[in-house]
Amino acid sequence: MQIQHHRLLSLSKLNILNKINAIQTLHFSTLLHQFLQQHDPYIPPIFEQRKIGRELANLLQSSCPNTPTPYFKKIHAKIMVLGFHQHDIFLINTLLHMYSKLNLVSDAQKLFDTMPHRNLVTWSSMVSMYTQHNYSVEALLLFVQFMRDCNEKPNEYILASVVRACTQLGGLNQAFQVHGLVVKGGYVHDVYVCTSLIDFYTKHGCIDAARLLFDGLEVKTSFTWTTIIAGYSKHGRSEVSLKLFEQMREGDVCLDKYVLSSVLSACSVLEFLEGGKQIHCYVLRRGIVTDVSMINGFIDFYFKCHKGESGRKLFDQMLDKNVVSWTTMIAGCMQNSYHWEALDLFVEMARMGWKPDAFGCTSVLNSCGSLLALEKGRQVHAYAIKVNIDNDDFVKNGLIDMYAKCDSLTDARKVFNLMAAINLVSYNAMIEGYSKQNKLCEALNLFREMRLSLFPPTLLTFVSLLGVSASLYHLELSSQIHGLIIKYGVPLDEFSGSALIDVYSKCSRVGDARLVFEEILNKDIVVWNAMFSGYTQQFENEESLKLLKGMQMSRLKPNEFTFASVITAASNMASLQHGQQFHNQVIKMGYEDDPFVANALVDMYAKSGSIEEAHKAFSSTNWKDIACWNSMIATYASHGEAAKALQVFERMIMEGLKPNYVTFVGVLSACSHAGLLDLGFDHFDSLSQFGIEPGVEHYACMVSLLGRAGKVYEAKEFIDKMPIKPAAVVWRSLLSACRVSSHVELGTYAAEMAISCDPADSGSYVLLSNIFASKGMWGNVRRLREKMNISGVVKEPGCSWIEVTNEIHKFIAKDTSHRDSTLISSVLDNLLLQIKGFGYVANTDALLLDD
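What you are looking at is a predicted structure, and each value in this text was computed from that prediction instead of being measured.

Enquirer: Hey, could you run me through the overall build of the protein in this one?
Expert: The number of helices and strands found in the protein is 47 helices and 2 strands. Among the 851 residues that make up the protein, the fraction classed as buried is 45%. Surface accessibility of the protein: about 44000 Å² in total, with carbon and sulfur atoms responsible for 55%.

Below, the structure is given as structure tokens:
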């Protein structure tokens, strides 16, 4: 009777366990309670015990994800009481798996340590659990223990888990050893193991090794394709990612959202708009379920392809947004220079209860710096402190950059000094801030500190230092920085190369600039433009035009800055033909509204004597900045069209533009040329109304105005009353007026004052010499010439040029280097004889003695 009673109890337990199939309708805790409440010390027969073990395993496997942990603990306790842990490895492995799902790593470890018997699944489960929960070191140590204690060979599952642990840990040597075991065990073609190895190699810079493994696989899963495509994209080889995607589409592999996201990332890097749009259409057409992360990817793609409207439309249509969605929008707006929109999104995000993360704060700080919105930047700084992300390295670097751009270097330095661990980005941001403010000493001191801290300078560091040395025309410093670039083995790229070209050009070393230009392998339009600008600055105009031919041969299209430089070169040469050709190209390429190009065109036509063409170029420009108006005023003024110059000035005022310093130089010059004395003084007195402090050029114009009116003594008195020290140009204006009116005494005084201000300038000597010559005072002329020789002052030789059959011919006084100089001289002598025959007498009043 007792045996029968026990059997009935056992059958009752089994009946309860058989109800597991109805787990969706019966609560798990109810079944467990019924099973555990029945206690029977009697050990059933072996076949019944095994059946109970399987039912317990089914109970564990069929549990819901939200089943409370204590119920598993009760099952564990019952397993121990019934002794299943001594012999039922399948049941214990199932329990290990459940502990892994519940993230109860320590409980799984305790259970593993108490197991008297373990099989390959046991070891594999434990290694996999450690890997899944980022216990990489423990996973590798357990694998070493397995290789030492277990007689079985590792299977594909344990090998794949160990490779993933190496990936997390970054252990290259360990991964190589596991790769050896993979080859030795014959798993080199196993898709599961090889995909893990491919993932490892792509994440650790060994993309070629990953490709060898990938090509050796006969069967590739969607995850395998995703891994290799994403790997190439991360290594900057997105074009290979797209080619692989095309190969994938030819097979039978399912295109899931993960591989599509990887391909979309490649399209974003390449700014391949059509490719990304095709993926978007494919997702919509196939009805692929798009989660938040995938939509975020599409938003990021559209912004990187400069299609912000499409990105914003997707964002507005999202029903479920997360922090990444908002951050992606803010970063996209910042990258596309929609800085006010980025600020508005940041405010809206915070208002709706979302907490912007460090990345979002960094992006909006960049926008604040670009907008010079210091107060907005301070508010973001306050928010970062409030939510305790102000210690994040990205945020701190963003704060340094923002304060530096907003000219608040004191605040930038405070943030810099408070950083616990200053990194390379922090140093670069601070050096860039000092460089923009031309604070050379501070920038160099920080650079020295950076090197002492063993931070190797980057290209950005050198570009910042080159910027400040260029603005200060510091040739020696620039050469030293160039030497350091070579010493550190930093290859010249577009940024550093163009900076070096700029600094050498500004320091009149255009030859060195050209050597740097030739050294750069991949020249973009910025590098070419830097060289064009360098030649133009140093008046190497012919070289500038030759360079344009080289650029055209490289199939690189010129942009508005290119045209501004070459048009200026044509202007310097007074080559109307070249200027007109460039003007035609400008119209064809649609750059005629660019203010830099428009200014260059107006100046070119003016210097070529084509006032009407200059006016047409000015009038045809839809968008005129203050420099464009100034160019037109100066053009009319220099050609004696004072009335028209003043009309342009009045029209500019009527259109609401505020005149600047240069504007009034042109206006006063026009009044001077036309002898408009009263009007000139009226405009001079109006400078203060526009907040302009009169400068040397304005005073020089007024002295010229008085001198042209014959009021040389009033001009002298005007100079004496100047609130600033008169420069040489002011005294030369008086000297020039004295030459016209033949005032020897006052002219001599003006010349002495001009020479004292600028002893190396030959212009003052020439003007005074002309005054003496006009009065026949040849002894004074001779003594003046001797003084020039003693002082080492050399008169700049006269120069002229002419274009014949598309070739520029340049002539300098007393120079016989031209190939046809003998023939030209004989023709000129013949012409001179002919005109003398008609009674011509040369005027030598304005010549120095030995000219």
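Enquirer: What's the story with the packing of aromatic side chains in this structure? I'm lost.
Expert: Aromatic ring pairs are defined here through the distance separating the ring centres and the angle between the ring planes. In the structure shown here, the tally under the stated rule is 20 aromatic pairs. Centre to centre, the rings of Tyr-427 and Phe-455 are 5.5 Å apart; their planes meet at 55 degrees, and the pair counts as tilted. Here Phe-455 lies in the loop between helix H26 (440-452) and helix H27 (459-471) and Tyr-427 lies in helix H25 (residues 424-436), a separation of 28 residues in the sequence. You can call Phe-455 partly exposed: its relative accessible area is 26%. Pairing Phe-649 with Phe-664 gives two aromatic rings, centres 5.6 Å apart and planes at 65 degrees, and the pair type is edge-to-face. With a gap of 15 residues between them, Phe-649 in helix H38 (residues 642-654) and Phe-664 in helix H39 (residues 661-674) connect regions that are remote in the sequence. Here the aromatic cluster, defined as three or more aromatic residues joined through ring pairs, consists of Phe-681, Phe-684, Tyr-699 and Phe-718. Sitting above the plane of the Phe-214 ring, Lys-220 keeps its charged end 4.9 Å from the centroid. Just above the ring of Phe-517 sits the side chain of Lys-523; from NZ or CZ to the centre is 5.1 Å.

Enquirer: Which parts of the structure should I look at to understand the nonpolar core?
Expert: Nonpolar side chains in soluble globular proteins tend to be buried together. Within the largest apolar cluster, 212 residues are counted, with the highest numbers of intra-cluster contacts made by Leu-260, Ile-501, Ile-567 and Leu-734. With residues up to four places along the chain from it excluded, the contact list for Ile-501 reads Ala-513, Val-516, Phe-517, Ile-520, Val-527, Ala-530 and Met-531.

Enquirer: Any chance you could explain the environment of Leu-264 here in plain terms?
Expert: With respect to the element layout, Leu-264 can be found in helix H15 (residues 257-270). With a relative accessible area of 4%, Leu-264 lands in the buried category. Distance from Leu-264 to Ala-230, taken between C-alpha atoms, is 9.7 Å for residues 34 residues apart in sequence. For Leu-264, the contacting residues outside a window of four places in its chain are Gly-276, Ile-279, Gly-297, Phe-298 and Phe-301.

Enquirer: Help me understand the pattern of salt bridges in this model?
Expert: Between side chains of opposite charge, a pair can form when the charged atoms approach closely. A complete count under the given rule lists 17 salt bridges for this structure. Here Asp-208 and Arg-237 are joined by a salt bridge, their closest N and O atoms 3.7 Å apart. Residue Asp-208 is located in helix H12 (residues 207-216), and its partner Arg-237 is located in the loop between helix H13 (222-234) and helix H14 (238-250); the two are separated by 29 residues in the primary sequence. Of the residues examined, Asp-208 reaches a relative accessible area of 52% and is grouped as exposed. Here Glu-375 ties to Arg-378 by a salt bridge, and the two come within 3.6 Å at their closest N and O atoms. Highlighted residues: Glu-375 and Arg-378, both in helix H22 (residues 374-386), separated by 3 residues, approximately one helical turn. The class of Arg-378 is partly exposed, set by a relative accessible area of 30%.

Enquirer: How should unusual backbone geometry be read in this particular structure?
Expert: Excluding glycine, most residues fall at negative phi; most peptide bonds, likewise, are trans. Phi angles above zero are rare outside glycine, and Asn-438 is one such case at about 60 degrees. Residue position: Asn-438 is located in the loop between H25 and H26. The backbone phi angle of Leu-454 is positive, close to 65 degrees, even though this residue is not glycine. On the secondary structure map, Leu-454 appears in the loop between H26 and H27.

Enquirer: Got a minute to help me understand the confidence of the model for the protein in this structure?
Expert: Interpretation of the predicted coordinates at a detailed level should be avoided for regions scoring low in pLDDT. Taken over all residues, the pLDDT of the protein has a mean of 79, while the share at 70 or more is 84%. With pLDDT under 50 throughout, residues 1-44 is counted as low confidence; its partners more than four residues away or in other chains account for 52 contacts. Ignoring residues within four places in sequence, the model shows residues 846-851, a span with pLDDT below 50, making 14 contacts including any to other chains.

Enquirer: Can you help me understand the environment of Ser-370 in this one?
Expert: Its location among the elements puts Ser-370 in helix H21 (residues 358-371). On the basis of relative accessibility, which here comes to 36%, the residue Ser-370 falls in the partly exposed class. C-alpha of Ser-370 to C-alpha of Met-402: the two residues are 32 residues apart in sequence and 7.9 Å apart in space. Excluding residues within four positions of it along the chain, Ser-370 makes contact with His-339 and Lys-405.

Enquirer: Teacher, can you tell me more about H22 here?
Expert: Think of an α-helix as 3.6 residues a turn; residues three or four steps apart then line up on the same face. For H22, which comprises 13 residues, the first-to-last C-alpha distance of 18 Å matches the rise-based estimate of 18 Å (1.5 Å per residue) to within 8%. Inspection of H22 places Leu-374, Gly-377, Val-380, His-381, Tyr-383 and Ala-384 among the buried residues, and these make up the whole buried set. Buried residues in H22 make contact with helix H20 (339-351), H21, helix H23 (393-405) and helix H24 (409-418). Asn-388 sits one or two positions beyond H22 and adopts a positive phi of about 65 degrees.

Enquirer: What am I meant to see in the environment of Trp-354 here?
Expert: With respect to the secondary-structure elements, Trp-354 resides in the loop between H20 and H21. Classification of Trp-354 by relative accessible area gives partly exposed; the value is 29%. A sequence separation of 31 residues divides Trp-354 from Val-323, and the C-alpha atoms of the two residues are 6.8 Å apart. Among residues more than four places away in sequence, those in contact with Trp-354 are Lys-321, Asn-322, Val-323, Trp-326 and Met-349.

Enquirer: Please clarify how the packing of H21 against H23 should be interpreted in this entry.
Expert: Two quantities define a packed helix pair, namely the angle between the helix axes and the distance between the axes. Relative orientation of the contacting elements H21 and H23 amounts to 5 degrees, with a least axis distance of 8 Å. Between H21 and H23, the interaxial angle falls into the category roughly parallel. Contacts between H21 and H23 pair Ala-358, Cys-361, Thr-362, Leu-365, Asn-366, Cys-368, Gly-369 and Ser-370 from the former with Phe-394, Val-395, Gly-398, Leu-399, Met-402 and Lys-405 from the latter. Its residues placed into classes, the contact of H21 with H23 shows 8 nonpolar, 5 polar and 1 charged.

Enquirer: So what exactly am I meant to see when it comes to the packing of H12 against H13 here?
Expert: Two numbers describe how H12 lies on H13: the axes approach to 11 Å, and their chain directions differ by 155 degrees. What the angle tells us is that H12 and H13 run roughly antiparallel. Of the two possible hands of crossing, H12 and H13 adopt the one that is left-handed. On H13, the residues touching Ile-207, Ala-210, Arg-211 and Phe-214 of H12 are Thr-224, Trp-225, Ile-228, Gly-231 and Tyr-232. For the contact of H12 with H13, the per-class residue count stands at 6 nonpolar, 2 polar and 1 charged.

About the cut-offs
- Residues numbered from 1 in each chain as written.
- Predicted model: local features only at pLDDT ≥ 70, side-chain atom pairs only at ≥ 80, totals over all residues.
- Heavy atoms only, no water.
- Helix = DSSP H or I, 4+ residues; strand = E, 2+ residues; numbered from the N terminus.
- Buried < 20%, exposed > 50% of the residue type's maximum accessible area, 1.4 Å probe, protein only.
- Areas by Shrake-Rupley, 256 points an atom, 1.4 Å probe, with all protein chains shown as cover.
- Phe/Tyr/Trp six-rings, centres within 6.5 Å; stacked < 30°, edge-to-face > 60°.
- Lys NZ or Arg CZ within 6 Å of the ring centre and 35° of its normal.
- Core = buried A, V, L, I, M, F, W, Y, C linked by side-chain atoms within 4.5 Å.
- Contact = heavy atoms within 4.5 Å.
- Salt bridge = Lys/Arg side-chain N within 4 Å of Asp/Glu carboxyl O.
- pLDDT = per-residue confidence, 0-100.
- Expected span 1.5 Å × (residues − 1).
- Axes fitted to C-alpha atoms, helices over the stretch in contact; angles between N-to-C directions.
- Parallel < 35°, antiparallel > 145°, perpendicular 65-115°, else oblique.
- Nonpolar A, V, L, I, M, F, W, Y, C, P; charged D, E, K, R; others polar.
- Left-handed = near helix turned anticlockwise from the far one by under 90°.

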